[in-house]
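Fold and contact review
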Amino acid sequence: MSPDTELYDDGWSAELYDFVSAPWKSDVAFWLSLAEQAGDPVLELACGTGRIVLPVARAGYRVTGLDRSPHMLAIARRKLAHEAVAMRDHLRLVEGDMSGFDLNERFGLIIIAARSFQALLTRAQQRSCLEACARHLKPGGCLALDVFNPSLSRLARAGGVDETPDEYAGPGEEAIRETGHTDYDLASQSLRWRSRQEWHDVAGTKQVREYVCDLHYFFRFEMEWTLEACSFEVEALYGNFDRSPFTADSPEMIFVARSAR
Amino acid sequence: MSSELSRYQDPWAAEHYDAQIAWPDPDLPLYREMAAESPGRVLELACGTGRVTLPLARQGATVTGIDISPHMLAVARRKLAAEPAEVRARVTLVEGDMSKFALPHACGLILIPFRSFQALLVRADQRGCLECCAKHLLPGGRLAINVFHPWLSKLVALKSAEPHEYIGPSGEEVKAVSRVRFDFAEQTLTSHITYQITSTAGETRSHEHVLRLRYFFRCEVEWMLEACGFAVEALYGDFDRSLFTGGSPEMIFVARKV
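Residues numbered from 1 in each chain as written. Chains lettered and ligands numbered in written order. Predicted model: local features only at pLDDT ≥ 70, side-chain atom pairs only at ≥ 80, totals over all residues. Heavy atoms only, no water.

Section: the overall build of chain A
Assigned secondary structure in chain A consists of eight helices and eleven strands. For 261 residues, the compact-globule formula gives about 18 Å, and the C-alpha radius of gyration of chain A, at 19 Å, lands near that figure. For chain A, the spread of C-alpha atoms along the three principal axes comes to 55 × 50 × 30 Å. For chain A, the proportion of its 261 residues judged to be buried stands at 52%. (Helix = DSSP H or I, 4+ residues; strand = E, 2+ residues; numbered from the N terminus. Rg over C-alpha atoms; globule rule 2.2 N^0.38 Å. Buried < 20%, exposed > 50% of the residue type's maximum accessible area, 1.4 Å probe, protein only.)

So, in C-alpha cells, the structure goes:
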C-alpha cells in the first residue's frame, strides 16, 4: 500500500474507524438536543459509518447522511440493515462531496460533526460547503459544526509532534500498535497526520498500514468570519459538548449558526 | 497617573513615539511604490506622527492622515510645518476613529501600516473599519494592511519583552520594560509598559501605560476581507514583497475593493 493512502479511502481504515469511534458518545446527546430544538429533517455531512445519524434516526427524526467514502457508507448501510424497518425509512444515506451537493431538500438542522469540516483545506472548498448548507436550510434553519481548538504549543514545536504510541484491540481482536507523527504548515494553517498501524494476523504474518490525513486548523475568530462571509450568523460558540463556554483551554470549538439569507 | 492609561491617550507617548520606534522604516519603500502606482488620493489610517504620510507627500502624493490621538497629530503638524509649502498643501490631517470615519474624498489607495489595525480588538470595529475603507475607495482602489505574523513559538511562553532603551526627545535616557499577558480565547495581548527615565540632569522618574493589541492569523484576515467586500490580491511575508511562509515576520495584505 502506498504510504500516501488517504485515511478512509479504503475498506480497512473505514472498518478501523467504525470500530475505534463506536465508543464516542459525548457529542451524540448534544446533536440530539439540537435536533430537538431545530426540528427535522436533519442532514449530517461526512456522516461516516453512521455513529450520529443512526441514533438521531432512532430518536424519530428524518435524517440524511452524506459521505464521500463508499467504504464508510457500506458499513453504515450494514448497520442500518440491523435496525427496525420503520427506522430504515427515516434514514437516507447518500454518497457525495460535502463541498458541493444538491439533495433537492431543505433541512431544519445541518450537522458537520467530528471535525469533518477541517477536511476542507481551501477557502474555496469551505465557502462552497457553507453555501451548499445555506441552500439546503429551511428559513431559520440551523447549522452546527465542531472543529478542534488548536493547541498553540503543538503548533509551536519545530519539526512537528510525535504522537504517543497507542495499543488497542482491532475489529478482529488483533493487537494493533499505532504510531503517528503530525506536521504543521503554519502558512496554510494545515496539518498532515501520518499514522501507521502494525499487527500480526491469525497466520502470524506482520501487517502494516500507513495513512495520511490532511486537515485545516481553524482559529476562533477565523471561523466566525468564515461563517459571516458565507451569510451565517453565529448564535453560540461552545468549548465542549456539555455547552460550556469557549475558553483558551477548551478542547473543541462548536459553532451554532443560522442562515441570514 | 493611572497604570491603565492607554498608549493612544497618552500625550507623553506621542512626544516619545518617534524616538521609541527606532525602526529604519523597512515598510516605506513598499508604500512609496504602491502610492506611485495608485491613481488619486492616498489615505493613511492611524497616521500617528506622520512617519508614512510625510514621505508619501514629499514624493508627490496627495495624502490624508487620520489618527485618534490629538497628541500624535500635534507632533505630525509640527513636523509638517517644517516642510516646503507644496508638501504642506498635499497633506490633510484629521482627528478621527479608524473604525468609523467619513471624508469628503474617495481614494485610490488606503494604507493601514505598522500593526495599527491590531488596535481594533473586536470584530465589530474591524468590520466598521473595513467597511469605511470600502466606502472611501475608488472603483478598483487598493487597501494594504500590515499586521505581525503571530510568533507561535514565543506566544506560548512570552511573559515579558526584551527591555528597550532609547534617548528621549529631551535627551533623557529611557528604559522601557514590558509585562505581556495573552488572552488566547480573545486573541489579544496586553503590554503593561514601564518607562524608567533619567533626565540629562540625572533626575529619575517613571511612567507607565498600557498597549492592548489583537493578533491575527492568516486565513482569518482573508475571510474578514472577503466578508467586508474585498478580494485579496497579494499576501507578503515581509516588506520586500517576499512570499508569505510559516516563518515570515509580517503579514502584508493587499486587497482590492470588489
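Past the structure itself, the notes keep going.
Brief notes about the interface of chain A and chain B
Counting residues at the interface gives 25 residues for chain A and 26 residues for chain B. By the criterion of area lost to chain B, the three top residues of chain A are Arg123, Phe221 and Trp225 of chain A, representing 34% of everything that side buries. Run the count over chain A and chain B and you get seven salt bridges. Residues Arg127 of chain B and Glu228 of chain A are paired through a salt bridge, measuring 2.5 Å at the closest nitrogen-oxygen approach. At the boundary of chain A and chain B, one finds twelve residue pairs in polar contact (both at pLDDT 80 or more). The set of elements that each furnish at least two residues to the side of chain A that touches chain B consists of helix H6 (123-135), helix H7 (152-156) and helix H8 (220-229) of chain A. In terms of residues, the side of chain A that touches chain B owes the most to one element, H8 of chain A, which gives eight residues. Its residues placed into classes, the side of chain A that touches chain B shows twelve nonpolar, seven polar and six charged. (Contact = heavy atoms within 4.5 Å. Buried area = accessible area lost by both parts, 1.4 Å probe. Salt bridge = Lys/Arg side-chain N within 4 Å of Asp/Glu carboxyl O. Polar contact = N/O pair within 3.5 Å; in protein donor to acceptor, adjacent residues only side chain to side chain. Nonpolar A, V, L, I, M, F, W, Y, C, P; charged D, E, K, R; others polar.)

Observations regarding the sheet that holds strand S8 (residues 190-200) of chain A
Residue and element names in this part refer to chain A. Sheet architecture is open: four strands sit in the order S6-S7-S8-S9, paired in antiparallel fashion. This sheet does not close on itself; its edge strands, each paired only once, are strand S6 (161-169) and strand S9 (206-216). Taken pair by pair, the neighbouring strands of this sheet meet at an average axis angle of 15 degrees, ignoring direction. Relative to S9, S8 runs antiparallel, the two sharing eleven bridges. Looking across to S9, one finds that Trp193 is bridged to Cys213. (Pairing = 2+ DSSP bridges. Axes fitted to C-alpha atoms, helices over the stretch in contact; angles between N-to-C directions.)

A closer look at the confidence of the model for chain B
Mean pLDDT over chain B stands at 94; residues scoring 70 or higher make up 98%. Here the prediction assigns the complex a pTM of 0.94, and the interface score ipTM is 0.93. (pLDDT = per-residue confidence, 0-100.)

Some words on the domain arrangement of chain B
Residue and element names in this part refer to chain B. The domain architecture assigned to chain B consists of domain 1 (7-150 + 215-257) and domain 2 (152-214). Its C-alpha centre places domain 1 at a distance of 23 Å from the equivalent point of domain 2. On the side of domain 2, 26 residues touch domain 1, which itself brings 22 residues to the contact. Of the roughly 2,000 Å² buried between domain 1 and domain 2, counting both surfaces, carbon and sulfur atoms make up 59%. Among the residues of domain 1 in contact with domain 2, Arg7, Trp12 and Tyr215 are the three that bury the most area, contributing 38% of the side total. Summed over the shared surface of domain 1 and domain 2, the result is one salt bridge. (Domains from an automatic or database assignment.)

Some remarks on the state of the cysteines
Residues and elements named next belong to chain A. One pass over the full model with this rule turns up zero disulfides over all chains. Sulfur of Cys230: no disulfide; nearest cysteine sulfur belongs to Cys129 and is 9.0 Å away. Residue classification places Cys230 among the buried residues on the basis of a relative accessible area of 0%. (Disulfide = S-S within 2.5 Å.)

Here we look at the packing of H8 of chain A against helix H8 (residues 218-227) of chain B
At a minimum axis separation of 8 Å, H8 of chain A and H8 of chain B run at an interaxial angle of 25 degrees. Taken together, the axis directions place H8 of chain A and H8 of chain B in an arrangement best described as roughly parallel. Helix-helix and strand crossings are classified by hand; for H8 of chain A and H8 of chain B the assignment is left-handed. Two secondary-structure elements touch here, H8 of chain A through Phe221, Glu222, Trp225, Thr226 and Ala229 of chain A and H8 of chain B through Cys219, Glu220, Trp223, Met224 and Ala227 of chain B. Class assignment of the residues belonging to the contact of H8 of chain A with H8 of chain B gives a composition of seven nonpolar, one polar and two charged. (Parallel < 35°, antiparallel > 145°, perpendicular 65-115°, else oblique. Left-handed = near helix turned anticlockwise from the far one by under 90°.)

Focus on the domain arrangement of chain A
Many analyses report the size of an interface as the accessible area lost when the parts associate. Residues and elements named next belong to chain A. When its domains are assigned, chain A resolves into domain 1 (7-149 + 217-259) and domain 2 (152-216). If you average the C-alpha positions of domain 1 and of domain 2, the two centres end up 24 Å apart. Listed as interface residues are 18 residues of domain 1 and, on the opposing side, 23 residues of domain 2. Contact between domain 1 and domain 2 buries roughly 1,700 Å² in total, counting both sides, with carbon and sulfur atoms accounting for 69%. When the buried surface of domain 1 facing domain 2 is broken down by residue, Leu7, Trp12 and Tyr217 rank first, second and third, together holding 47% of it. For the pair domain 1 and domain 2, the interface holds zero salt bridges. Where domain 1 touches domain 2, the interface holds six residue pairs in polar contact (both at pLDDT 80 or more). Per element, the largest residue contribution to the side of domain 1 that touches domain 2 is six residues, and it comes from helix H1 (residues 11-21). Partitioning the side of domain 1 that touches domain 2 into residue classes produces twelve nonpolar, three polar and three charged.

Describing the pattern of salt bridges
This model, assessed by the stated rule, comprises 41 salt bridges over all chains. Residues Asp9 of chain A and Arg68 of chain A are paired through a salt bridge, measuring 3.4 Å at the closest nitrogen-oxygen approach. Of the two residues, Asp9 of chain A sits in the segment before H1 while Arg68 of chain A sits in the loop between strand S2 (63-67) and helix H4 (70-80), which places them 59 residues apart along the sequence. As a salt-bridge pair, Glu15 of chain A and Arg78 of chain A come within 2.8 Å of each other at their nearest N and O atoms. Of this pair, Glu15 of chain A sits in helix H1 while Arg78 of chain A sits in helix H4, and the two are 63 residues apart along the sequence. Several salt bridges share partner residues, and in doing so they unite Arg220, Glu224 and Glu228 of chain A together with Arg123, Arg127, Glu131 and Glu186 of chain B into one network.

Here's the deal with H6 of chain A
Between its first and last C-alpha, H6 of chain A extends 18 Å over 13 residues, near the 18 Å set by a 1.5 Å rise per residue. Within H6 of chain A the residues assigned to the buried category are Gln126, Cys129, Leu130, Ala132, Cys133 and Ala134 of chain A. (Expected span 1.5 Å × (residues − 1).)

Topic: the side chain of Ser116 of chain A
Summarising the element assignment, Ser116 of chain A is placed in the loop between strand S4 (107-112) and H6. Ignoring any residue separated from it by four or fewer positions in sequence, one finds Ser116 of chain A in contact with Ala46 and Met98 of chain A.

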